[in-house]
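Structural overview for review
Chain residues, written in single-letter form:
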Amino acid sequence: MKSKLFFKNMGYFLEYVVLIVAILVVWIIMGQTGKLNPVVMPALPKIGKTFKSLFLKGTLLKHCGISLGRVLQGYGVSALLGISLGIFIGLSHHLERLTQLLVQIIKPIPPIAWIPLVILWFGIGETGKIFLIFLGGFFTILINVIDGIKQTDANLIEVSKVMETPLPKHILKLVIPSAAPNIFTGLRVGLTSCWMCVVAAELVSSTTGLGYMIMDARQYGQTDVVIVGMITIGLIGKIMDSLLHLIERKIVIWN
């Protein structure tokens with residue numbers, strides 16, 4: 001059984017490798033044959049040299065560290081509030097009716113549309129940037145948590161009521177474990193949304209961060225730097241998502 005699972009996973013891994021290698025080969029060939037406009041899409045070796053140069057100079061690590069810190073702060077607050085409020089709203093039909101309209105109105109507003117208000121509310125400091133990142137993940141997490149709570153087995157809830165289980169124990173032992181898959185789905189999608197908001201957040205009078213690096217390079221026509229910044233955001237986001245997925249699997253098995 002384990003050997004079959006191993007070969008199955010290896011097959012999936014090889015498929016990913018083949019796809020990535022094929023894309024890179026096509027990219028290299030098009031660059032060498034002159035079919036790529038170096039201003040619009042630089043050749044792969046140029047991207048590699050730029051990545052190496054920015055890494056060795058410490059520029060890339062500096063911007064990565066600052067953006068990662070902002071994302072962790074914004075995401076941490078969005079996860080904490082999203083899960084807490086989601087549990088209370090999911091357990092209370094009255095509270096759900098009260099907040100449903102407000103959530104549905106605010107949720108579709110893109111974080112970049114909040115920038116004028118954020119500047120007025122928080123100025124041009126770090127708080128405004130973290131708030132924009134927070135907005136990117138909060139509603140996704142909140143809605144997934146509410147849906148997960150509402151999907152808890154009604155029979156189990158009835159048994160818990162009959163046994164007069166204290167509310168904290170009812171939430172910790174029944175509600176949260178039952179809603180865990182939805183909660184982690186919200187956390188993973190919310191994390192992706194927070195990284196998507198980095199560029200918007202770092203438009204607010206910023207001189208550091210991957211978003212700033214991308215926008216600054218765009219102004220000077222440095223497409224290679226733009227692509228390096230985009231790839232870096234994608235790689236960090238993927239690593240963090242994989243860690244969350246690993247934690248999710250461990251918790252589901254434990255439950």
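Anything mentioned here points back to the structure above.
Figured I'd write up the structure that's included with this text.

About the criteria used
Residues numbered from 1 in each chain as written. Predicted model: local features only at pLDDT ≥ 70, side-chain atom pairs only at ≥ 80, totals over all residues. Heavy atoms only, no water. Core = buried A, V, L, I, M, F, W, Y, C linked by side-chain atoms within 4.5 Å. Buried < 20%, exposed > 50% of the residue type's maximum accessible area, 1.4 Å probe, protein only. Helix = DSSP H or I, 4+ residues; strand = E, 2+ residues; numbered from the N terminus. Contact = heavy atoms within 4.5 Å. Phe/Tyr/Trp six-rings, centres within 6.5 Å; stacked < 30°, edge-to-face > 60°. Salt bridge = Lys/Arg side-chain N within 4 Å of Asp/Glu carboxyl O. Expected span 1.5 Å × (residues − 1). Bend = angle between axes of the 7 residues up to and from the residue. Axes fitted to C-alpha atoms, helices over the stretch in contact; angles between N-to-C directions. Parallel < 35°, antiparallel > 145°, perpendicular 65-115°, else oblique. Nonpolar A, V, L, I, M, F, W, Y, C, P; charged D, E, K, R; others polar.

1. Points about the nonpolar core
Counting 49 residues, the largest nonpolar core has Leu187, Trp195 and Leu210 as its most contacted members. Per-element tally for this core: the top contributor is helix α6 (residues 126-150), with 12 residues. Here Trp195 is in contact with Ser67, Leu68, Val71, Leu210, Ile233, Ile236, Gly237 and Met240, once residues within four sequence places are set aside.

2. Concerning the side chain of Arg70
Here Arg70 shows up in helix α3 (residues 59-91). Using a relative accessible area of 3% as the deciding quantity, one classes Arg70 as buried.

3. Points about the packing of aromatic side chains
The final tally for this structure, using the stated rule, is eight aromatic pairs. Relative to Phe131, the ring of Trp114 has its centre 6.3 Å away and its plane inclined at 75°; by these criteria the two rings are edge-to-face. Highlighted residues: Trp114 in the loop between α4 (93-106) and α5 (115-122) and Phe131 in helix α6, separated in sequence by 17 residues. The pair Trp114 / Phe131 is uniform in exposure class, with both members buried.

4. Remarks on the pattern of salt bridges
This structure, assessed with the given rule, holds six salt bridges. In this structure, Glu126 and Arg70 form a salt bridge, with 2.8 Å as the shortest nitrogen-oxygen distance. You can see Glu126 sitting in helix α6 and its partner Arg70 sitting in helix α3, a full 56 residues away along the chain.

5. A look at α4
The terminal C-alpha atoms of α4, which comprises 14 residues, lie 20 Å apart, in line with the 20 Å expected from a rise of 1.5 Å per residue. Remark: the principal bend of α4, roughly 40°, maps to Thr99.

6. A closer look at the packing of helix α2 (residues 44-57) against α3
In the contact formed by α2 and α3, the axes pass within 4 Å of each other and the chain directions differ by 75°. The orientation of α2 with respect to α3, classified from their angle, is roughly perpendicular. Here Phe51, Leu54, Phe55 and Lys57 of α2 lie close against α3, whose contacting residues are Thr59, Leu60 and Leu61. Split into classes, the residues belonging to the contact of α2 with α3 amount to five nonpolar, one polar and one charged.

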